[in-house]
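# Examination of the molecular architecture
Chain residues, written in single-letter form:
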Amino acid sequence: GFFQSYAVEVDIKDASNATCLYANWMMRFLITYESNNGDYKNTTLNLSSNVTHNGSTCGNDTQAALVAVQFGDGHSWSINVTKNNETYQGDFVTLTYNTNDTTVFPDAKRKGPVTVLLKDPSPPVQLNTVYVCHNSYFIEAENTTQIFWNVTVQAFVQNGTVSKKESRCSADTPTSAPSVPPTIANVTTAPTTTLSPTPTTAPKPVENPDTGNYSLKSGNKTCFLATVGLQLNVSQDKPLLININPKTTIADGACGNTTATLKLNDGNSTLIGF
């Protein structure tokens, strides 16, 4: 579904008040937690309107740069960025969520901060180049899914000016097909019949969504099956209809003993969780 989320902008200055690290991005977190009655529930942690970036540092040739943000009721997120010869690259991502936040975790069995540490999968970026990723991508670890989109970041900025040279992520490349590990999820598309319009006739807009067949596997066994056509009706000044295209949608998720989660990501900043 759609959740309220806020963009984060961090502009870190060095001793001479020149920009040394710039980042602007959006993110949200899907978290599975154990409730008081022993069930596992899914919740969404979004950024609040008030985000601080205490502890963020520029970094240098021998010390990693750090982007650290704090938000909500005791939640924080950070990434350290290392410099290696002519490139820079994210190293470790740290998410700390606080289950004492009853708005997000109303009945959590475990109380207090929970920290998840994982390796940043992003590729290295050339120095004096800004990394840009408009489409959404996500990383998973320890019952959490971190979702990012509209990302613009440059570490070790030279001469205090963010570069105009861009390095785009694979999700923004039109020719790159989404890759889904076969041991996690398989996506197939139900056959559809289409009529080829004449060259002078514009195709009619799609009124009904195509049906997709989605499945999850646990090891070699299929644990989740869904055959569904999805259309989102977004209420705003003018109602917006969005059809989810099975051909470009990535299915992911996990099956547990008592719960199963199916996540569909259409590559356009829309993520739906079942």
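Right above here is the structure, for reference.
Residues numbered from 1 in each chain as written. Predicted model: local features only at pLDDT ≥ 70, side-chain atom pairs only at ≥ 80, totals over all residues. Heavy atoms only, no water.

Right, let's talk about the packing of aromatic side chains for a bit. For any two aromatic rings, the description comes down to two numbers: the centre-to-centre distance and the angle of the planes. For the structure shown, the criterion picks out 6 aromatic pairs. Considering the side-chain rings of F29 and F71, the 6.1 Å spacing of their centres and the 10° angle between planes classify their relative orientation as stacked. Of this pair, F29 sits in strand β2 (residues 19-34) while F71 is found in strand β5 (residues 65-71), placing the two residues 42 residues apart along the sequence. The same class applies to F29 and to F71, which are both buried. Relative to F105, the ring of Y97 has its centre 5.5 Å away and its plane inclined at 25°; by these criteria the two rings are stacked. (Phe/Tyr/Trp six-rings, centres within 6.5 Å; stacked < 30°, edge-to-face > 60°. Helix = DSSP H or I, 4+ residues; strand = E, 2+ residues; numbered from the N terminus. Buried < 20%, exposed > 50% of the residue type's maximum accessible area, 1.4 Å probe, protein only.)

This part takes up the nonpolar core. Among the nonpolar cores identified, the biggest contains 42 residues, and L21, W25, M27, F29, W77, Y88 and Y97 are the most heavily contacted of them. Sort the elements by how many residues they give to this core and β2 lands first, with 8 residues. Judged by nonpolar contacts, the second largest core, of 13 residues, contains Y214, F224, A226 and L230. (Core = buried A, V, L, I, M, F, W, Y, C linked by side-chain atoms within 4.5 Å.)

Let us now look at the sheet that holds strand β19 (residues 250-255). With antiparallel pairing, the 3 strands of this open sheet are ordered in space as β19-β20-β21. In this open sheet, the two strands that pair with only one neighbour each are β19 and β21 (271-273). Averaged over all pairs of adjacent strands, the angle between their axes in this sheet comes to 15°, without regard to strand direction. Sheet analysis places strand β20 (residues 260-265) next to β21, joined by 3 bridges and oriented antiparallel. Residue pairing for β21: K263 is matched across the bridge by G273. (Pairing = 2+ DSSP bridges. Axes fitted to C-alpha atoms, helices over the stretch in contact; angles between N-to-C directions.)

Turning next to the environment of N159. Among the structural elements, N159 can be located in the loop between β12 (144-154) and β13 (166-168). For the pair N159 and T19, spaced 140 residues apart in sequence, the C-alpha separation works out to 7.9 Å.

The next subject is the state of the cysteines. On inspection of all chains with the given rule, the structure shows 3 disulfides. Residue pairing for C133: its cysteine sulfur links by disulfide to C169, the two sulfurs lying 2.0 Å apart. The chirality of the disulfide connecting C133 with C169 is right-handed, given an S-S dihedral of about 70°. Of this pair, C133 sits in strand β10 (residues 130-133) while C169 sits in the loop between β13 and β14 (185-189), placing them 36 residues apart in sequence. As far as the burial class goes, C133 and C169 line up, both buried. Between the sulfur atoms of C223 and its disulfide mate C255 the distance is 2.0 Å. In this structure, the disulfide formed by C223 and C255 twists by about 80° around the S-S bond and is classed as right-handed. Taken together, the positions of C223 in strand β16 (residues 221-229) and C255 in strand β19 put the pair 32 residues apart, joining distant regions of the chain. C223 sits in the partly exposed class, given a relative accessible area of 34%. (Disulfide = S-S within 2.5 Å.)

Relative to the helices and strands, N37 resides in the loop between β2 and β3 (40-46). Separated by 70 residues in sequence, N37 and D107 place their C-alpha atoms 8.6 Å apart. Within polar-contact distance, the side chain of N37 engages the side chain of S35 at 2.4 Å. In this structure the side chain of N37 is engaged in a polar contact, spanning 3.1 Å, whose partner is the backbone nitrogen of D39. (Polar contact = N/O pair within 3.5 Å; in protein donor to acceptor, adjacent residues only side chain to side chain.)

The subject of this paragraph is the pairing of β5. The element β5 is extensively covered by neighbouring structure, given that 5 of its 7 residues are classed as buried. Two elements, strand β4 (residues 51-52) and β5, share 2 bridges in a ladder whose sense is antiparallel. Paired with T52 across the bridge in β5 is Q70. Summarising the sheet, β5 and strand β6 (residues 75-84) pair through 7 bridges and their orientation is antiparallel. From the neighbouring strand, Q70 faces β6, where its bridge partner is S76.

For the rest of this paragraph, the subject is unusual backbone geometry. Excluding glycine, residues mostly carry a negative phi; peptide bonds, for their part, are mostly trans. Phi angles above zero are rare outside glycine, and E142 is one such case at about 50°. Following the sequence through the fold, E142 ends up in the loop between β11 (137-141) and β12. Overall, E142 belongs to the exposed group, its relative accessible area being 53%. Despite not being glycine, N143 shows a phi value in the positive range, around 65°. With respect to the helices, strands and loops of the structure, N143 is situated in the loop between β11 and β12. What makes N143 exposed here is its relative accessible area of 53%.

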